Every structure is written in structure tokens, then in C-alpha cells.
Amino acid sequence: MTLRRSRLSALILLGMIACVLVYVLVPWEALRWVSRLLLIGYIAAEWSRIANNARVMVGLAALLTVWAAVAGIGDTTKVVASSLDTGAFFATFFANQFFLREAARTSKLVSRCSAFFVNQRPGRRYALLTLGGYLFGIILNIGVLSLLGIMIKQRNSLASAGGNAQIRDIRERRMVLALLRGFSITPLASPLSISLAVLLTALPELHWSSMLPLGIATGIIILGLGWLEDKLTAPTHLAHLVPPHEPTRDVAALLGVTGLVLLVFFTAMAFEVVLGVPLSRAMLVSTPLVGLVWLGRQYVDWGTKRGSLLVGRRVVRKAAETFPNYRTEIAILSSAGFIGTLFSALVPPEVLGNIITAPFLPPVVLPALAMFAVVVPALAGINPIVSVTILASALHSAPHLPIATESLALGLIAGWSMSINSSTLTASAMLLGELVGKPAKTIVLGWNGWFTLACFVAQGGWLTALTLAMR
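Starting afresh in each chain, residues are numbered from 1 along the sequence in its written order. Side-chain atom pairs in this predicted model are given and counted only at pLDDT of 80 or more, local residue features only at pLDDT of at least 70, and totals for whole chains, interfaces and linings cover all residues. Note: side-chain values were computed over all heavy atoms of the structure, leaving out hydrogens and water.

Novice: Is there a simple way to think about the overall build of the protein in this case?
Specialist: The way it works is that DSSP assigns letters per residue, a run of H or I at least four long becomes a helix, a run of E at least two long becomes a strand, and they are numbered from the N terminus. Along its length, the protein carries 23 helices and zero strands. For the protein, the C-alpha atoms occupy an extent of roughly 75 × 65 × 45 Å along the three principal directions. Note on definitions: a residue-residue contact is assigned when non-hydrogen atoms from the two residues lie within 4.5 Å. Considering only contacts within the protein whose residues lie at least 6 apart along the sequence, 78% involve residues at least 24 apart. Total accessible area on the protein is roughly 20200 Å²; 68% of this is exposed by carbon and sulfur atoms. Lys and Arg are tallied as positive, Asp and Glu as negative. Neither His nor the chain termini are counted. In plain terms, the charge of a residue is placed at NZ if it is Lys, CZ if Arg, CG if Asp and CD if Glu. In the protein, 36 side chains carry a positive charge and 19 a negative one; their mean positions are 9 Å apart. Only the protein chains shown count as cover for residues, with accessible areas throughout obtained via the Shrake-Rupley method and a probe of 1.4 Å.

Novice: Just to check I follow, could you spell out the packing of aromatic side chains for this structure?
Specialist: For any two aromatic rings, the description comes down to two numbers: the centre-to-centre distance and the angle of the planes. In summary, the pairing rule links any two rings of Phe, Tyr or Trp, Trp by its six-membered ring, whose centres are within 6.5 Å, and it sorts them by plane angle into stacked for under 30 degrees, edge-to-face for over 60 and tilted for everything else. The tally for this structure, following the rule as stated, stands at 11 aromatic pairs. Ring geometry for F117 versus F136: centroids 5.6 Å apart, planes at 70°, classification edge-to-face. In this pair, F117 is assigned in helix 6 (residues 108-118) and F136 in helix 7 (residues 122-140), connecting sequence segments 19 residues apart. Summarising the burial analysis for this pair, F117 and F136 share the class buried. For the pair F323 and Y326, a centre-to-centre distance of 5.7 Å together with 50° between the ring planes defines the contact as tilted. Side by side, F323 and Y326 carry an identical accessibility label, which is buried. Clustering of aromatic rings is evident, with ring pairs tying together F94, F98, F99, F323 and Y326. The aromatic ring of F451 is capped on one face by R181, whose charged end is 3.9 Å from the ring centroid. A positively charged side chain is recorded as over a ring if its NZ (Lys) or CZ (Arg) lies within 6 Å of the ring centre. The angle to the ring normal must also be within 35 degrees. In this arrangement the basic side chain of R281 is found over the ring face of F89, its NZ or CZ atom lying 3.9 Å from the centre. Accessibility here uses a 1.4 Å probe with only protein chains present; expressed as a share of the type maximum, an area under 20% marks a residue as buried, one over 50% as exposed, and anything in between as partly exposed.

Novice: Just to check I follow, could you spell out the pattern of salt bridges for this structure?
Specialist: A side-chain nitrogen of Lys or Arg and a carboxyl oxygen of Asp or Glu constitute a salt bridge if their distance falls within 4 Å. Scanning all chains against the criterion turns up 16 salt bridges. Between E229 and R173 there is a salt bridge, with the nearest N and O atoms lying 3.8 Å from each other. Of the two residues, E229 sits in helix 12 (residues 208-233) while R173 sits in helix 9 (residues 165-184), which places them 56 residues apart along the sequence. Its relative accessible area of 18% is what places E229 among the buried residues. Connected through salt bridges with shared partners, the residues E29, R32, R36 and D85 form a single ionic network.

Novice: Before we go on, may I ask you to explain the packing of helix 12 against helix 23 (residues 449-469) in this structure?
Specialist: Axis lines are fitted to C-alpha atoms, over the contacting stretch for helices. Their N-to-C directions set the angle, which ranges from 0 to 180 degrees. Two elements in contact, helix 12 and helix 23, have axes separated by 10 Å at closest approach and are oriented at 145°. Judged by the sense of rotation from one axis to the other, the crossing of helix 12 with helix 23 is right-handed. Facing L214, A217, T218, I221, I222, L225 and G226 of helix 12, the residues of helix 23 in contact are F451, A454, C455, A458, Q459, W462 and L466. Its residues assigned to classes, the contact of helix 12 with helix 23 comprises 11 nonpolar, three polar and no charged. Left-handed describes a crossing whose near helix is turned anticlockwise from the far helix through less than a right angle; right-handed describes the clockwise counterpart. Three residue categories are used. Nonpolar comprises Ala, Val, Leu, Ile, Met, Phe, Trp, Tyr, Cys and Pro, charged comprises Asp, Glu, Lys and Arg, and polar comprises the others, including Gly.

Novice: I keep staring at helix 23 and nothing clicks. Help me out?
Specialist: Note: α-helices contain 3.6 residues per turn, so residues at a spacing of three or four share the same orientation. Taking 1.5 Å as the rise per residue, helix 23 with 21 residues should run 30 Å; its terminal C-alpha atoms sit 30 Å apart, in good agreement. If you check which residues of helix 23 are buried, you get G449, F451, T452, C455, F456, Q459, G460, L463, L466 and T467. The buried residues of helix 23 occupy an angular sector of 170° when projected down its axis, which confines them to one face. Residues of helix 23 that are exposed and point more than 90 degrees away from the buried face comprise W450, V457 and A469. The inward-facing, buried residues of helix 23 abut helix 9, helix 10 (186-189), helix 12, helix 18 (366-379), helix 20 (405-422) and helix 22 (440-447). Every helix has an expected span of 1.5 Å times one less than the residues it contains. The directions from the helix axis to the C-beta atoms form the arc being described.

Novice: Would you explain the nonpolar core in this entry?
Specialist: The nonpolar side chains of soluble globular proteins are, as a tendency, buried together. Counting residues in each nonpolar core, the largest one holds 142 residues, and the members touching the most others are F117, F136, I194, L199, F323, I330 and I385. Once residues within four sequence positions are removed from consideration, I330 is found in contact with L13, L39, Y42, A91, F94, A95 and S335. Nonpolar core, defined: a set of buried Ala, Val, Leu, Ile, Met, Phe, Trp, Tyr and Cys residues in which side-chain atoms within 4.5 Å join the residues together.

Structure (C-alpha cells):
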């Protein structure tokens, strides 16, 4: 019965993805209605197995829907339908990563590149693992922590440390922090990130061409501080105890992974130009397309007909196994999108405008406050997708902003990035802790605490200076 239900929910999710993708290419209104119904159907099918925090989000979405109906805000049906569209978009954006993850799972290129990142001398290894956390984070999302975390655990044996437990522990700490910090900038600097999709959806006046460069610059600050902290705290007095080894030299693998990321991005740009749709929507098409081509490349020796059949069977089989496991993430993401859209319609714009333009809040500090408004809930276990979606939707409803929208939006995703570095309740912290056998608190607060505080100060100063420069 469980297997049958898993297959049913996988088929429902595949149907929703297909409707959302086809709608990008051919905007038929019927496809939107079908995708809305399939989203509700998927959550209903998986309701008994989704986590409690996701149930709370779905319950809140239902309560807001009742409130909208009672309050009689404009055309309630139209507002709720629009909110469901946002929820279906977020769910599809997340689920689409399956195509890249599945291709990466058996890719020799990924295996070579991950070995290249880990098998290096200490200083260079930190830099490459940070780059790996970022690049693979674009393709695999949180899956990069499993991929490279397992590599770290395997390569960082007591024997490889010359039998010295202290060296092994120091090496583990430096590698784990490099991976975490690299992954943490994906909300800022990834064109495929859900954070960018959230901002561009909630704040349609923004464009990726302005947000992505600002996000990359902000991410560079975080990586630069991390590299400096690692260099200053490196135990150079123990260097003579580290056994000599020949580092892996495989720059071609690094270039190959970088090329794949750029291929997804430039393919989406092409769709944006040809179809006239926003980049976040175009990414819905480019991600599975490149993922399927990448997967097909692994079966090229089987010939076109046989290879295509094998790829099709693998996608269907693995989707049936994987999609039901997305239940909690999809429930949270779709509910956050729904709540954000509906909330912006329920709250009068003048209320938000009065709060944002209050005299006790100098406009120049608003981006830094936006960052903290995302981090503080994350420390209590509230996913940044929830706070960023709601706050971005609220900003869109505000009648007049005293500063550039880009500054406030950057503050929100900077908070998302800082949440990954600072919260013990994020999936990334818990997963890394499980992989290396350490409590999440040890990694995030013990190992990464002072760095995070330095980042808060640096990011606050950077956001303030940027706000002044953009006036």
C-alpha cells in the first residue's frame, strides 16, 4: 500500500511539474488550474508523512485562506489562485533539481572533481573545498554536503594524518568549515537558487542582472573572510607532522563542472530572450533539459535509441523513489509561496509603508535589519524561505520605499546566507554534523561562531555602504 501511494504521489508531482513547464512555453490557462489541483493533491497524498513544521505551514496557509474569504478582499478566488500559482512554481523549482542531482549521482566528472577538491595541501584544499561547496551547491543544492562530506570522512583517516589524531581533527574542522561556508553563499550567488526565484517572484520590479552581481559581490566578502580566518588560525607549527602527499591535479574536471553550471544559466538566458519570460521561469525549462542531456551523455555508448530508453526508465524509476521524499520540503516551499502572496494581498499597503518609513528606523539601516529579520527566526528553526517570502511580498505591497529595492532584497538573501552559517536547526548544519559525527552546535557555534559574528559586522557595513551608494 505504501509503495502504491509513493508511486501515486510521484505521478502527481510529475504531472504538476509538466503542467508548470508547459505553461512557460505555452500559456494555457487550463494548465494553471491543473497544476493548482495537483499541488493540493500531492500534499494531501503525503499528508500523513510530512513533518510537523510543514503541517503547521499548510495549516497557516489554510487559515489565511479562510481569513481572505471572511475579509472579502477583492476577488478572493483570484487571489487564492494566484497564491497557489506561486506555491506550484516554488515546488516545481525545487523538484526540478532532481534532474541535475540524478545525473550528478553517477557522473564520473563529479567524482573526479570532488576528489580534486579534497586531495590537496591544506591551504589550497580549503580554497577548493569552498569553491566546491559553492559550485556543487548550485547543481546539487544540499546534496553537495553529502557528496563532499562523505569524501571528507573517507579521505581524512587517521592513517592519512600519519596516525596523529590532533592533525586529523584539525583537518576535519577546516574542511567542514570550508564546505559549509562555500555552500552558504549559494542563496546569494547562484542563478539556480530558490532564493533568487523567491525574490524575482515576490518583487517583479527586480531583475536578475542587477541582483546576481550584487549577490556575487556579497558572497565574495563571505568567502574572503573565511579564507582569511582559515589562514590566520592555521596551525602552521604542526605542518612538519603532516605526511607528504602528491595533490590531485585535475583542473579539467573543475572546468567541466563550471561549464555545466554556466550551460544551465545560459540556456535559461536564451529561453528568457526567445520566450520573453523571467529568468526564474526560464530556469524551469533549462534545468531538466540540461540534466537530461547530461544523463543521456552517460549512456551514449548504448546508441541513441537504446540509450534514450535507458534514460527514460531510470528517470521514471528514480523519480518514483525520490519525489515522495520531497514531501516536507515541497509542503514548506509551496506554503511559504502561498502565504507570502496571500499575505501581501491581505495587509493594507499603507500599514507596511508606515512601518518601513517610521522615523525611528533610519532608511540606511533597513537592509541590515532585513538581514537580521531573516536570521533571528532561523535561529528558532523557521526556514529562511518562509521569512524571505513573506518579507519580500510585504515589500512589494509597500507603496513607497525610502531606499533602493535592490538593497532591501540583498539584505534578505544575505540573511538567508547567514542563517546557514549561524543556525543549529538548519538542515545543512544537522546533515554535516551527522556525517562527521559531531553535534550541529559544535560545528555552527563552536567552530564557526566567531567567523559568523565577523560576517554579521562586515555584511551590515557592506549593506549600509551599498545603500548609501545607491541613493
